[in-house]
Amino acid sequence: MKKGKQIAAAVFATMMAASLAACGGSSSSSSSGASEGASSSAAVSGTSSESAAVSGNSVSASSGTTVATGTDLKATAKVDPNKNYNISVIFKTLSSEHWQVMKAGVDAYTKLYPNVKAEPVGPSAETMYDEQLNSITTAVDSDSYDAYIIAPLQSDSAAKLYSTTSKPVVAVDTNMNMDSLATFVGTGNEEAAKEGATKAVEMAKDLGWDEINCIEIAGVQGDETNTARMNGYKAGVEENGGKFLDDEIQYANAVADQAVTAMEAIMSKHPDGVAIICANNDDMALAAAKTAAGNEAFKNTVFLGFDGSSAVCKSIATGEVSNFITIAQNPYEMGFYAVDNAIKAINGEKLDDFVNSGVTIITKDNAQERYDTVQGYLNSDK
């Protein structure tokens, strides 16, 4: 394509945090491809007879447990109507959108089955480690629960506390190393990032780029989630004919202001533009996109983020940012299937190690729909 010279200085961005707070996940998952517009993926195993199919959502086959994605989820556990189930649910917090949507998924399950009691709690902030550990200790010591669901702030410490119980333990959102863990319900970060990168390459080609180079504005160097997403971005770009520039990775510690500086450095080194800028989260991707606004050489650059909060979806839908893709996790599904698998574990079923709650690739085509869906989850009890 014809690329113009740099004609404007970078626009410094002052922005509110738009991405979801601290979302962990698994470093790998099933393979799945991106489809046009929206793409929902979920892992599939040989237990397909227990799966809940949802019309209009794609489900890809590989190792893991079958789950369906969408607004009309179906429980696959056998819930005994004559038995009361009491499940402890502890999240990282309840003070942000990600966890409120996950709570809505839990609540949806308990509405289906009133004899299932599962009321999510969480510390006042994701930095209140001792507060969460105290909640875990209280729950385990009470011995009044049939199972435990935990999104750990400190995986090793949480695993140590839960190791004292013989009741089933399900990790959600963030995995933990625990021999007796029943299963982990969450996102396969590497495969999700690969799916998003595949879509970004497709968009870059549609925008006229002949040379598909990708530079990442990364999170914290050495962080497991950051590394998994980076590996996925690289695979998605290079398997679709692009080049991931390993030597030009910019570490920005997962914060927007450092992403601004990183984007300025990229624009200075690449005055003719770059096809794709990917980032470890939406805060950084939005900061980069706003910093590049007004730079003619980057007007067709694809910006790829990760999280998919409603605020980001709104920015995409309204055109505040152009050529922007975000990889949305599915916290509603996480909450719903965490309870479903806890019931299975209570019933003595052996579970797969990983239940993939899927991701949705958000573009301008489906951003408003995603925004409306998330708002519906948040307002379901109002």
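Residues numbered from 1 in each chain as written. Predicted model: local features only at pLDDT ≥ 70, side-chain atom pairs only at ≥ 80, totals over all residues. Heavy atoms only, no water.

Visitor: With reference to specific residues and values, describe the pattern of salt bridges.
Guide: Any two side chains of opposite charge can pair, so long as their charged atoms come close to each other. Scanning the entire structure with this criterion turns up 11 salt bridges. When the shortest N-O distance is used, the salt bridge between Asp-107 and Lys-103 registers 2.8 Å. You can see Asp-107 and its partner Lys-103 sitting in helix α1 (residues 97-112), four residues apart, about one turn around the helix. The exposure classification of Asp-107 matches that of Lys-103, with both residues buried. Notably, a salt bridge pairs Lys-269 with Glu-248, separated by 3.8 Å at the nearest N-O pair. Of this pair, Lys-269 sits in helix α6 (residues 256-269) while Glu-248 sits in the loop between β8 (243-244) and β9 (250-251); the two residues are 21 residues apart in sequence, bridging distant segments of the chain. (Salt bridge = Lys/Arg side-chain N within 4 Å of Asp/Glu carboxyl O. Helix = DSSP H or I, 4+ residues; strand = E, 2+ residues; numbered from the N terminus. Buried < 20%, exposed > 50% of the residue type's maximum accessible area, 1.4 Å probe, protein only.)

Visitor: Explain the nonpolar core residue by residue, including any values.
Guide: In this structure, Ile-87, Tyr-109, Ile-149, Val-172, Val-339 and Ile-343 are the most contacted members of the largest nonpolar core, which totals 38 residues. Of all the elements in the fold, those that place two or more residues in this core are β1 (85-90), α1, β4 (147-150), β5 (169-172), α9 (331-346) and α10 (367-378). Top contributing element to this core by residue count: α9, with 10 residues. For Ile-87, the contacting residues outside a window of four places in its chain are Val-116, Lys-117, Ala-118, Glu-119, Tyr-145, Ala-147, Ile-149, Val-339, Ala-342, Ile-343 and Ile-346. (Core = buried A, V, L, I, M, F, W, Y, C linked by side-chain atoms within 4.5 Å. Contact = heavy atoms within 4.5 Å.)

Visitor: Give a detailed account of the packing of aromatic side chains, specifying residues and quantitative values.
Guide: Under the criterion given, the structure shown has eight aromatic pairs. Ring geometry for Phe-184 and Phe-354: centres 5.6 Å apart, planes at 15°, overall stacked. On the criterion of sequence distance, the pair formed by Phe-184 in strand β6 (residues 183-186) and Phe-354 in strand β13 (residues 354-356) is long-range, its members being 170 residues apart. Side by side, Phe-184 and Phe-354 carry an identical accessibility label, which is buried. Through a chain of ring-to-ring contacts, the aromatic side chains of Tyr-109, Tyr-113, Phe-336 and Tyr-337 assemble into a single cluster. Directly above the aromatic system of Phe-306 lies the positively charged group of Arg-229, at a separation of 3.7 Å from the ring centroid. In this structure, Lys-314 is placed above the aromatic ring of Tyr-371, and the distance from its NZ or CZ to the ring centre is 4.5 Å. (Phe/Tyr/Trp six-rings, centres within 6.5 Å; stacked < 30°, edge-to-face > 60°. Lys NZ or Arg CZ within 6 Å of the ring centre and 35° of its normal.)

Visitor: With reference to specific residues and values, describe the side chain of Asn-86.
Guide: Here Asn-86 is to be found in strand β1. A distance of 3.0 Å separates a polar atom in the side chain of Asn-86 from the backbone oxygen of Ser-144. Beyond its immediate stretch of four places on either side in the chain, Asn-86 contacts Lys-117, Ser-144, Tyr-145, Asp-146 and Ala-147. (Polar contact = N/O pair within 3.5 Å; in protein donor to acceptor, adjacent residues only side chain to side chain.)

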